[in-house]
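# What the coordinates show
If you want the building blocks of each chain, they are given just below.
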Amino acid sequence: MPLLVELAGRTVAVEPTGSEPPQKIEGGVVLPPGRVAVLHGLGDALFYRHGQNSWSPCGWRRLSEPPLRIADPRRRVTADDPAWDDPSRHHSSAVAALQGDDGRVLLLGALGIGTPRLAADHDTLAGWYEDDGAPWFLAYGEEEEVFGAYTRALADRLGSRDRRAGNVWCSWYAYYEGITEAGLAEDIAALKGLPFDVVQVDDGWEEMVGDWEPNAKFPSGMRALAGRISDAGMTPGLWLAPFIVLPGSRTARERPELLLRDERGEPVVAGYNWGSGYWALDLSRADALDHVERLIRRVVHEWGFAYLKLDFVNAGAAPGVRQDGIGREQAYRQALELIRQTAGQEVYLLGSGAILLPSLGLLDGLRSGPTWRRCGRTTPATTRPTRWRATPWSTRCTGCGTRRWPRSTPTSSTSAAASTCSPTSSSAGCATWPRCAASARCPTRRGGCARRSWRT
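Residues numbered from 1 in each chain as written. Predicted model: local features only at pLDDT ≥ 70, side-chain atom pairs only at ≥ 80, totals over all residues. Heavy atoms only, no water.

Turning our attention to the overall build of the protein. Scanning the protein from terminus to terminus reveals nine helices and 29 strands. Counting every position in the protein, which comprises 456 residues, the buried fraction comes to 55%. Looking at the protein alone, contacts between residues at least 24 apart form 63% of all its contacts between residues at least 6 apart. Working note: accessible area of the protein is about 19,100 Å², and carbon and sulfur atoms make up 48% of it. (Helix = DSSP H or I, 4+ residues; strand = E, 2+ residues; numbered from the N terminus. Buried < 20%, exposed > 50% of the residue type's maximum accessible area, 1.4 Å probe, protein only. Contact = heavy atoms within 4.5 Å. Areas by Shrake-Rupley, 256 points an atom, 1.4 Å probe, with all protein chains shown as cover.)

This is how it looks when you write it as C-alpha cells:
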C-alpha cells in the first residue's frame, strides 16, 4: 500500500516492501529495508547516476536521453558493475536523484551495504539491494542540501574519517611503470625541502601483480627505499593491488584455492589491465584474508610504508561464488576492515577503484575520476586526494627529461597554471600543457597529436 510522505513542502507517494513506518531525521526520512518505489511526479527530469566505484561514470542525464553507462564490455568489467548494467534503463549505484524544472532535487540513497541499486523512468524512482539490504534515505530540496543531508546520514551509520594526506608526489605520473631505485633516489633528493608530505611509489616496483616482492630494479629492497624517503623528511607511500593477481603470477599458480570463482568453477576475471585480464581473490575465505593480512603487515610494519594506495580494490566485490553465501560488498568491507586493523589507524589508506559505501569509515581517501594520459611530449603528474579534488604536482618532460614544478605552492584547485618546459634542441616540440580538468584534448596538437588527455 503506497504511503504519502511529505518532504520539504512536497508530498510523494512511496511504496516500500518493508513494514516499518518512515522515520523523520535531519534533512529527510528513513524508509525501511527492502525494495522501495517512489512516484516522483517530475516527468522528464534530470537523472543523477552515481557510479559503483572510483572509475565509474557519474553525472546527470535527462530521462528521455540514453542512459549514462560504459559501452565497452571489457572496460565495464574493470570500471563498473557489469552485473547490473542496462543499456535501456537509467540506473545507478548506492544513490540516485531527480532534478525537476525548478532545480530542486529528489534523492533516494542507500544507508547500508548489500550492493544497493537504483533505476528511474518518467514515473518511478526505485531502489533495491542485491543482498539482505538496509534502510533508505529519502529527501527533497536544494541539491547541496539533500546531498549534504545524505552524507551526514551515511557518516552516522557507516562512519567517516577526517585525516588528510597532505601534498603527495606520485611516481606514476612521471614514469608509469618505468621506475627504478636509482631514478627515485634522484627524485627523493630533489624533493627534499619542497612542500611535499608524501612520496608515493607507484606500480613498477613489484615482481608481478599478485607477487608483492621487489623486482630487480630495486636491489636494495623496499625497506631501504622507505628509509630513504623518511630520511628526506617525507612519509613513504606505496602502491598495492591487494585483491587481485595476474594469471601468470606465482601466487595464482601456487595458491589457486585463493581465487574467486564463478558458477562453473573458473577464476573470475575482475577486470583488464597490463595486457590481460586479472583475477580476484575470494575475500570470503579465511586463507585469502590471511594472505592479505601478511602482505599489509610486511609492507607497513617491516618495510615502513605509512601511506598505501590500494588500487583495483573493486575486484574484491566482483560477482562470484563466495563461501557461506556472504554478500560481495560485505566480503569487500571485511577485507578493508582487516587492512585497517593490520595497518593501524595512523596509516593513510587511499582507495582507487574503491566502492563508496562499503569503504566509508575505513579508507581515508577515495580517488575519483580518470587518470591523465600522456599526450605529445609532456607527462602531467596529478594526484587526487580525498574529497574529490585534483591537485597538480610536478611534470617531467619526456622529451628532455627536465622536471618542472608548479609556479606556486600546491593547492587543491581543480584547475592550475601549467608547468612549462621551453623547447630546446634536445626537447623539440615540448610545450605548455594546460592541466585543467575541463580540457578534453591536447590543445597544442604538437606533431599532429590530438589524443584525449583523459585515460579511458
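With that settled, consider the nonpolar core. Among soluble globular proteins, nonpolar side chains are generally buried collectively. Of all hydrophobic cores here, the largest spans 117 residues; its most connected members are Leu108, Leu138, Tyr150, Trp205, Leu238, Leu240 and Leu308. With sequence-adjacent residues up to four places away left out, Leu308 is seen in contact with Leu238, Ile296, Val299, Val300, Val347, Tyr348, Leu349 and Leu350. In terms of nonpolar packing, the next biggest core, distinct from the first, is built from six residues, Ala165, Val198, Tyr307 and Leu350 among them. (Core = buried A, V, L, I, M, F, W, Y, C linked by side-chain atoms within 4.5 Å.)

Of note, Gly141 is situated in strand S13 (residues 136–141). A relative accessible area of 1% means that Gly141 is categorised as buried. Sequence separation of Gly141 and Gly28 is 113 residues, and the distance between their C-alpha atoms is 9.4 Å. Once you skip the residues sitting within four places of it in the chain, Gly141 turns out to touch Arg104, Val105 and Val146.

For strand S21 (residues 276–280), a buried count of four out of five residues is recorded, marking the element as mostly surrounded by other parts of the structure. Where strand S19 (residues 244–245) and S21 come together, two bridges link them in antiparallel fashion. In the sheet register, Ile244 faces S21, and the bridge partner there is Ala280. Two elements, strand S20 (residues 269–273) and S21, share four bridges in a ladder whose sense is antiparallel. Bridge pairing in S21 links Val269 to Trp279. Following S20, the chain reverses through two residues before pairing antiparallel with S21; Trp274 in that reversal takes a positive phi of roughly 55 degrees. (Pairing = 2+ DSSP bridges.)

Okay, the sheet that holds S19 next. One open sheet holds the three strands; their spatial order is S19-S21-S20, and the pairing between them is antiparallel. Either end of the sheet is taken by a strand with one partner, and the two such strands are S19 and S20.

On to helix H4 (residues 181–191). One turn of an α-helix holds 3.6 residues; hence residues three or four places apart share an orientation. Along H4, the positions that sit buried rather than exposed are Glu181, Leu184, Ala185, Asp187, Ile188 and Leu191. Down the axis of H4, the buried side of the element spans an arc of 165 degrees, and every buried residue falls inside it. Facing away from the buried side of H4 by over 90 degrees, the exposed positions are Ala182, Glu186 and Ala189. Gly193 lies just past H4 and shows a positive phi near 90 degrees. (Arc of directions from axis to C-beta.)

What follows covers the pattern of salt bridges. All chains considered together, the criterion is met by 19 salt bridges. A salt bridge links Arg49 to Asp80; the shortest N-O distance between them is 2.6 Å. Of this pair, Arg49 sits in strand S6 (residues 46–49) while Asp80 sits in the loop between helix H1 (73–79) and strand S8 (90–93); the two residues are 31 residues apart in sequence, bridging distant segments of the chain. Residue classification places Asp80 among the buried residues on the basis of a relative accessible area of 6%. A salt bridge links Arg297 to Glu293, with the shortest nitrogen-to-oxygen separation between them at 3.2 Å. Here Arg297 and its partner Glu293 are both found in helix H7 (residues 286–302), four residues apart, which amounts to about one turn of the helix. The partly exposed category is assigned to Glu293, whose relative accessible area is 25%. (Salt bridge = Lys/Arg side-chain N within 4 Å of Asp/Glu carboxyl O.)

Along the polypeptide, Asn314 turns up in the loop between strand S22 (307–310) and helix H8 (328–343). A residue is classified by how much of its surface remains accessible, and Asn314, at 5% relative accessible area, is buried. In this structure the side chain of Asn314 is engaged in a polar contact, spanning 3.0 Å, whose partner is the backbone oxygen of Thr78. Residues within four places of Asn314 in sequence aside, it is in contact with Gln52, Asn53, Trp55, Thr78, Tyr332, Gly353 and Ile355. (Polar contact = N/O pair within 3.5 Å; in protein donor to acceptor, adjacent residues only side chain to side chain.)

Right, let's get into the packing of H7 against H8. Where H7 contacts H8, the two axes come as close as 9 Å, and the packing angle between them is 30 degrees. Taken together, the axes of H7 and H8 are roughly parallel relative to one another. As for the relative orientation of H7 and H8, their crossing is right-handed in sense. Counted together, Leu289, Val292, Glu293, Ile296, Arg297, Val300 and His301 of H7 and Gln334, Ala335, Leu338, Ile339, Thr342 and Ala343 of H8 form the full contact between these two elements. Taken together, the residues of the contact of H7 with H8 sort by class into eight nonpolar, three polar and two charged. (Axes fitted to C-alpha atoms, helices over the stretch in contact; angles between N-to-C directions. Parallel < 35°, antiparallel > 145°, perpendicular 65-115°, else oblique. Left-handed = near helix turned anticlockwise from the far one by under 90°. Nonpolar A, V, L, I, M, F, W, Y, C, P; charged D, E, K, R; others polar.)

Moving on to the packing of aromatic side chains. Taken as a whole and assessed by the stated rule, the structure comprises 16 aromatic pairs. For the ring pair Trp212 and Trp239, a centre distance of 5.7 Å and an interplane angle of 65 degrees mean the geometry is edge-to-face. Here the residue Trp212 occupies a position in strand S17 (residues 211–214), and Trp239 occupies one in strand S18 (residues 235–240), the gap between them amounting to 27 residues. Here the two residues Trp212 and Trp239 agree in accessibility, since each one is buried. Taken together, the ring pairs in this structure connect Trp55, Trp205, Trp212, Trp239, Trp274, Tyr278, Trp303 and Phe312 into an aromatic cluster. The cationic tip of Arg74 hangs over the ring face of Tyr272; the distance from NZ or CZ to the ring centre is 3.9 Å. (Phe/Tyr/Trp six-rings, centres within 6.5 Å; stacked < 30°, edge-to-face > 60°. Lys NZ or Arg CZ within 6 Å of the ring centre and 35° of its normal.)

This part covers the sheet that holds strand S12 (residues 124–129). Sheet architecture is open: six strands sit in the order S1-S2-S5-S12-S11-S8, paired in antiparallel fashion. Each edge of the sheet is formed by a strand with only one pairing partner; in this case those strands are strand S1 (3–7) and S8. Between one strand axis and the next, the sheet turns by 25 degrees as a mean value, whatever way the strands run. The sheet contact formed by S1 and strand S2 (residues 10–16) spans five bridges and is antiparallel. Across the sheet, residue Leu7 finds its bridge partner in S2, namely Arg10.

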